[in-house]
Amino acid sequence: MTDRITVSFDDDARAALESLTGETGKSQSEVVRRALSFYAANFEAATGDPSHNLEQYYQMLSSGEHVLLDVDFLHCFLDRLYGDGNPDPDFVESADRVSEYHVREYAERFDGLGELLEWLSFCGFLTVRSETDGAYHVVFPSESIRWFMVRFIERSTADLPFDVAVEAGVSKAILTENRE
């Protein structure tokens, strides 16, 4: 059964409908159905203020300092460099230089391990599963990413007012913030 409705269009809506029917070759009804389904699926993004995450992505990408990278590429790179569980020494040296660069940036930016983990989670490197009294249960997409990110976290937090203790599993770790 098909329900029919009457919709009033202003000039902008009429132009948009005409444009979309021309581009897609679909009927007006089909375009409106698809548009309504898309709107429903993306209601929060369409009706709210731009999300904080979207703003952060924009800031990261517009500076040219970061790029979007398919997670499969990251796995390929790290699996190749981590390979048999013995990371390539030249890669480790380069990665450690990147960590050292972030020491100053992170010292000015983060006050606690939780904030840093939230940022790295936003970047897609890990998921924080839970937190209890400064201990964070962290899940990584793979063992090589766990190795890579734990090493990065340990080195990039050198000037923060805490130490990070690590209990590493295969692709999970418990990271604990120890304040001095």
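Whatever comes next refers back to the structure up there.
Let me sum up the structure you'll find in this document. Here the residue numbers are simple positions, counted from 1 along each chain's written sequence. The model is predicted, so local features are restricted to residues of pLDDT at least 70 and side-chain atom pairs to those at 80 or more, both for listing and for counting; the totals for chains, interfaces and linings are taken over all residues. With hydrogens and water set aside, each side-chain value is computed from the structure's full complement of heavy atoms.

The next subject is the packing of helix α1 (residues 11-24) against helix α2 (residues 28-41). For any two helices packed against each other, one specifies the inter-axial angle together with the distance between the axes. Orientation of α1 relative to α2, taken along the N-to-C sense of each, is 105°, at an axis distance of 9 Å. As far as their axial angle goes, α2 and α1 are roughly perpendicular. The segment α1 lies against α2, with Arg14, Leu17, Leu20, Thr21 and Thr24 engaging Gln28, Val31 and Val32. The class makeup of the residues in the contact of α1 with α2 is four nonpolar, three polar and one charged. Axes here mean lines fitted to C-alpha atoms, for a helix over just the part in contact, with angles spanning 0 to 180 degrees between N-to-C directions. Starting at the N terminus, helices and strands are each numbered in turn, a helix being any DSSP run of H or I of at least four residues and a strand any DSSP run of E of at least two. Here the angle decides the label: under 35 degrees means roughly parallel, over 145 means roughly antiparallel, 65 to 115 means roughly perpendicular, and every other value means oblique. Contacts between residues were defined by any pair of non-hydrogen atoms, one from each residue, lying within 4.5 Å. Think of it as three bins: nonpolar holds Ala, Val, Leu, Ile, Met, Phe, Trp, Tyr, Cys and Pro, charged holds Asp, Glu, Lys and Arg, and polar takes everything else, Gly as well.

Counted as a void, the second largest pocket has a volume near 660 Å³. A pocket here means an open set of points on a 1 Å grid, computed over the protein atoms alone, that has protein on both sides within 12 Å along at least five of seven lines. A cavity is instead a set of points where a 1.4 Å probe fits but cannot get out; residues with an atom within 4 Å of a point line either one. Lining the second largest pocket we find 18 residues, and of these Ile5, Val7, Ser29, Val32 and Arg33 sit closest to its centre. Of the residues belonging to the lining of the second largest pocket, the class tally is eleven nonpolar, three polar and four charged. Grid points are joined across faces, edges and corners, and a volume is the space filled by probe spheres set on the points.

With that settled, consider the side chain of Thr157. Following the sequence through the fold, Thr157 ends up in the loop between α8 (143-156) and β3 (162-168). Between N or O atoms, a polar contact is any pair within 3.5 Å; within protein, one atom must be a potential hydrogen donor and the other a potential acceptor, and residues adjacent in sequence are included only when both atoms are from side chains. Within the structure, the side chain of Thr157 is placed 3.4 Å from the backbone oxygen of Glu154, a separation counted as a polar contact.

A few words on the side chain of Ser156. With respect to the secondary-structure elements, Ser156 resides in helix α8. Residue exposure (1.4 Å probe, protein chains only): buried if accessible area is under 20% of the type maximum, exposed if over 50%, otherwise partly exposed. Given the relative accessible area of 0%, Ser156 is considered buried. Excluding residues that lie within four positions of it along the chain, Ser156 makes contacts with Ser99, His102, Val103 and Tyr106.

The next point concerns the sheet that holds strand β1 (residues 127-132). Pairing between strands is defined by DSSP: at least two bridges between the two strands are required. Taken together, the four strands give an open sheet; going across it, the order is β1-β2-β4-β3, and neighbouring strands pair in antiparallel fashion. Single-partner strands in this sheet number two, and they are β1 and β3. Neighbour-to-neighbour, the strand axes of the sheet open up by a mean angle of 25°, direction not taken into account. Lying over the sheet, helix α7 (residues 113-122) contacts β1, β2 (135-139), β3 and β4 (172-179), oriented at roughly 145° with respect to β4. Strands β3 and β4 of the sheet are contacted by α8, whose axis makes an angle of about 5° with β4.

As a further point, take the nonpolar core. Joining through side-chain atoms within 4.5 Å is the link that ties buried Ala, Val, Leu, Ile, Met, Phe, Trp, Tyr and Cys residues into a set, and such a set is a nonpolar core. Within the largest apolar cluster, 30 residues are counted, with the highest numbers of intra-cluster contacts made by Leu113, Leu117, Leu120, Phe140, Ile153 and Leu175. Examining the composition of this core, we find that seven residues originate from one element, α8, more than from any other. Aside from chain neighbours lying at most four places away, what touches Leu175 is Leu113, Leu117, Gly134, Ala135, Tyr136, Val138, Val150, Ile153, Val164, Ala165 and Val166.

This part is about the pattern of salt bridges. By definition, a salt bridge exists where a carboxyl oxygen of Asp or Glu is found within 4 Å of a side-chain nitrogen of Lys or Arg. Under the defined criterion, the tally for this structure stands at nine salt bridges. The partner of Asp96 in a salt bridge is Arg151, with the nearest N and O atoms 2.7 Å apart. You can see Asp96 sitting in helix α6 (residues 89-109) and its partner Arg151 sitting in helix α8, a full 55 residues away along the chain. Take Asp96: its relative accessible area is 13%, and that puts it in the buried class. Two residues, Asp96 and Arg155, come together in a salt bridge whose shortest N-O distance is 3.3 Å. Of the two residues, Asp96 is situated in helix α6 and Arg155 in helix α8; the sequence distance between them amounts to 59 residues. On the basis of relative accessible area, Arg155 is assigned to the partly exposed category, the value being 31%. If you follow the salt bridges from partner to partner, you end up with Glu30, Arg33 and Arg34 in one network.

From the geometry alone we can't say anything about function, so treat these as descriptive.
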